[in-house]
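Given next are the chains, with one letter for each unit.
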Amino acid sequence: MKQDGSGELTADLLQDKLNTGLVWVNVPKRILIYSFKTLSPIDFENLARDLLQSELSIRLESFKAGRDEGIDLRYTTTKNRSFIVKAKHYAGTGFSGLLSHLKQKEKSKIEKLNPDRYLLVTSVDLSPANKDDIRQALFPHIKAPKDIYGKEDLNNNSFYRGVLSMEAGFLLQFCIL
């Protein structure tokens, strides 16, 4: 099935567009949908940084790729209070792989860092129960479900307002319907 002469989008064509990346869909409002599967881990981290800086109106410290001791991004105040952001690009792994990794690898790093606040950004689809499971696994470092940004949170249209990220190797693919 294809787009017919009226410009109507068929289900198959929409799925093809969703699988490639970024899509504008003409429903009552334009909705931005991105699967994040085409991004490398560093591109996902940079996108997370850009979106959080816009959303929180702060500048986050970024670090080189590689071993990071549990810190992807960091914000520190003059009163030596800090929060850490971890970007986990697990679009292909899913929730169970993400949760297992957080418990087995990240929790001990977080405990050693002991930040005042810890934010997790992931490319995984999350339900309210999934966010509760992550929060419980990383307690007391994740203070509230709002400190966990899943795929749907990243695709929240207001979250993108004013942000255009063109990282190296990151091609935004648009479909205007």
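Overview of the structure. This one's a predicted model, so the numbers in the text were calculated from it and none came from an experiment.

Considering the pattern of salt bridges
- What the rule picks out here adds up to nine salt bridges.
- Lys 107 is the salt-bridge partner of Glu 111, the closest N and O atoms lying 3.9 Å from each other. Of this pair, Glu 111 and Lys 107 are both found in helix H3 (residues 95-113), four residues apart, which corresponds to roughly one turn of the helix.
- Glu 111 sits in the partly exposed class, given a relative accessible area of 44%.
- Residues joined in a network through salt bridges with shared partners are Lys 88, Glu 106 and Lys 109.

What about helix H2 (residues 41-56)?
- Compared with the 22 Å implied by 1.5 Å per residue over 16 residues, the 22 Å span of H2 between its first and last C-alpha is a close match.
- For H2, every residue scored as buried is listed here: Asp 43, Phe 44, Glu 45, Asn 46, Leu 47, Ala 48, Arg 49, Asp 50, Leu 51 and Leu 52.
- The secondary structure elements touched by the buried residues of H2 are strand E3 (61-62), strand E4 (73-76), strand E5 (82-88), strand E6 (117-122), strand E7 (148-149) and helix H5 (151-154).
- Directly beyond the C-terminal end of H2, a positive phi value near 55 degrees is found at Ser 57.

Criteria and thresholds
- Residues numbered from 1 in each chain as written.
- Predicted model: local features only at pLDDT ≥ 70, side-chain atom pairs only at ≥ 80, totals over all residues.
- Heavy atoms only, no water.
- Salt bridge = Lys/Arg side-chain N within 4 Å of Asp/Glu carboxyl O.
- Helix = DSSP H or I, 4+ residues; strand = E, 2+ residues; numbered from the N terminus.
- Buried < 20%, exposed > 50% of the residue type's maximum accessible area, 1.4 Å probe, protein only.
- Expected span 1.5 Å × (residues − 1).
- Contact = heavy atoms within 4.5 Å.

These figures come from the coordinates and say nothing about function on their own.
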